[in-house]
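So the chains spell out like this:
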Amino acid sequence: MATVHHRYATVQGRRLFYREAGPADAPALVLLHGFPTSSFMFRELIPALADRYHVIAPDHLGFGLSDAPPAEEFGYTFDALADLTAGLLDQLGVSRYAIYVQDYGAPVGWRLALNDPGAITAIITQSGNGYEAGFVQDFWGFVWDFHREQTPEAEKAVLAGLTLDAIKWQYLHGVPDETLVSPDTWHHDHALVSRPGNDRVQLALLLDYATNLPLYPRLHEYLREHRPPVLAVWGRNDEIFGPEGARAFADDVPDARIHLLDGGHFLLESHLADVARLIRDFL
């Protein structure tokens, strides 16, 4: 079993937590988590890959065990999260790496790729959306309402996504056997996003999510021009980013490997062994 290190680094004056495992001279794999979780979502995947890869999994600012400065003090945007991630990788001397993106990790990863195309050796996307086809409208409708107008009603609707029940739903929907998913997951995430002032942090990022759709054409051009190897491994029952979002990667990378498993949004909780095998075969 690989040894996993739990570390902190100061980047641009902010303290970031990250998990790291594997030989420093092995090919690097950077795991980028989504909302509302942290590198905790990769706690079992990291040792499953670290015998062969140098695995790095940071907590985004405002998430997990990283600093969470108030939204009034720090401008939370996906550009800012990507800059902090790039700064961390630079400190660690990692200049070439594959990325695994999930949920919010996708817009962070896409910015890393667009800002430095030569750095990316491969892309693994697990409900890491890059196409309009991936949005499940029943879920995203209230977010689009919030983008159009920040009324108290719209704000209340999006803040409901921070409740324990809403986070639990993210983990359990679409999972045929819910007993495979540990309750530690939603309780852990809820405790950390419930830190004082973090609701404003999450509102700021959700509002900035509107910048991601206009980025998609640039992402598609990057995929066509640079042709990075792509593995899309997705829960076919995901009610946040649907399976059409996985299939769409083949539009721009015709040899992309597309795998739809019988799970939901947090596929690692129910299909860890399958995902780890697919990643190892792919890389």
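What counts and how
- Residues numbered from 1 in each chain as written.
- Predicted model: local features only at pLDDT ≥ 70, side-chain atom pairs only at ≥ 80, totals over all residues.
- Heavy atoms only, no water.
- Salt bridge = Lys/Arg side-chain N within 4 Å of Asp/Glu carboxyl O.
- Helix = DSSP H or I, 4+ residues; strand = E, 2+ residues; numbered from the N terminus.
- Buried < 20%, exposed > 50% of the residue type's maximum accessible area, 1.4 Å probe, protein only.
- UniProt positions renumbered as here; feature names shortened; annotations may be inferred.
- Pairing = 2+ DSSP bridges.
- Core = buried A, V, L, I, M, F, W, Y, C linked by side-chain atoms within 4.5 Å.
- Contact = heavy atoms within 4.5 Å.
- Axes fitted to C-alpha atoms, helices over the stretch in contact; angles between N-to-C directions.
- Parallel < 35°, antiparallel > 145°, perpendicular 65-115°, else oblique.
- Left-handed = near helix turned anticlockwise from the far one by under 90°.
- Phe/Tyr/Trp six-rings, centres within 6.5 Å; stacked < 30°, edge-to-face > 60°.
- Lys NZ or Arg CZ within 6 Å of the ring centre and 35° of its normal.

Asks: For this particular structure, what's the right way to read the pattern of salt bridges?
Replies: Pairs may arise between side chains of opposite charge once their charged atoms sit close together. Applying the stated rule across the entire model yields 11 salt bridges. In this structure, Glu 269 engages Arg 43 in a salt bridge whose closest nitrogen and oxygen atoms are separated by 3.0 Å. Remark: Arg 43 occurs in the loop between strand S3 (28–32) and helix H1 (45–49) and Glu 269 occurs in helix H12 (residues 268–282); sequence separation between them is 226 residues. Residue classification places Glu 269 among the buried positions, given a relative accessible area of 13%. Linking Arg 277 and Asp 274 is a salt bridge whose minimum nitrogen-to-oxygen distance equals 4.0 Å. Taken together, the residues Arg 277 and Asp 274, both in helix H12 and 3 residues apart, mark about one turn of the helix.

Asks: Could you clarify how one ought to interpret the UniProt feature "domain: AB hydrolase-1" (unreviewed entry) in the protein chain in this entry?
Replies: According to UniProt, the feature "domain: AB hydrolase-1" (unreviewed entry) maps to residues 27–271 in the numbering used here. Split by type, residues 27–271 is 42% helix and 13% strand. Its first and last C-alpha atoms lie 24 Å apart.

Asks: Help me understand the pairing of strand S7 (residues 230–235) in this model?
Replies: Strand residues, when the strand is regular, have side chains that alternate between the two faces of the sheet. Summarising burial for S7: 6 of the 6 residues are buried, a large majority. Here S7 shows a buried face lined by Val 230, Ala 232 and Trp 234 and a second buried face lined by Leu 231, Val 233 and Gly 235. Bridge count for strand S6 (residues 120–125) against S7 is 3 bridges, and the pairing is parallel. For Ile 124, the partnering residue across the bridge sits in S7 and is Leu 231. Of the pairings in the sheet, the one linking S7 to strand S8 (residues 257–261) comprises 5 bridges and is parallel in character.

Asks: What should I look at first to understand the nonpolar core in this one?
Replies: If you look at the biggest cluster of nonpolar residues, it comprises 100 residues, and the most contacted ones within it are Leu 31, Phe 42, Leu 45, Tyr 97, Tyr 100, Trp 140 and Leu 223. The residues touching Trp 140, leaving out its near neighbours within four places in the chain, are Phe 135, Tyr 209, Ile 240 and Phe 241.

Asks: Explain unusual backbone geometry to me, please; I cannot follow it from the model alone.
Replies: Most peptide bonds take the trans configuration, and most residues that are not glycine carry a negative phi. In this chain, Phe 35 is followed by Pro 36 through a cis amide linkage whose omega measures 0 degrees. Examined against the element boundaries, Pro 36 turns out to sit in the loop between S3 and H1.

Asks: Help me understand the side chain of Gln 202 in this model?
Replies: In this structure, Gln 202 sits in helix H8 (residues 198–208). Its relative accessible area of 4% is what places Gln 202 among the buried residues. Once you skip the residues sitting within four places of it in the chain, Gln 202 turns out to touch Phe 35, Gly 62, Phe 63, Tyr 104 and Leu 162.

Asks: Please explain the packing of helix H4 (residues 137–148) against helix H5 (residues 152–159) as it appears in this structure.
Replies: Angle between the axes and distance between the axes are the two parameters that describe a pair of packed helices. As a packed pair, H4 and H5 sit with axes 9 Å apart at the nearest point and diverge in direction by 140 degrees. What the angle tells us is that H4 and H5 run oblique. Considering only the axes of H4 and H5, their crossing is left-handed. The residues of H5 that touch H4, namely those facing Phe 142, Val 143, Asp 145 and Phe 146, are Ala 154, Glu 155, Ala 157 and Val 158.

Asks: Would you take a moment to explain the packing of aromatic side chains for this structure?
Replies: To describe a pair of aromatic rings, one takes the distance between the centres and the angle between the planes. In total, this model carries 23 aromatic pairs according to the counting rule given. Here the aromatic rings of Phe 135 and Tyr 216 are separated by 6.3 Å at their centres, their planes lie at 20 degrees, and the arrangement is stacked. In this pair, Phe 135 sits in the loop between S6 and H4 while Tyr 216 sits in helix H9 (residues 216–226), placing the two residues 81 residues apart along the sequence. Here Phe 135 matches Tyr 216 in class, with each residue buried. The interplanar angle of 50 degrees and the centroid separation of 6.5 Å between the aromatic rings of Trp 234 and Phe 249 together place this pair among those described as tilted. Placement of Trp 234 in strand S7 and of Phe 249 in helix H11 (residues 249–252) is noted, with a sequence separation of 15 residues between them. Pair check on accessibility: Trp 234 and Phe 249 agree, each one buried. Here the guanidinium or amino end of Arg 15 rests over the ring plane of Tyr 8, the centre of that ring lying 3.7 Å away.

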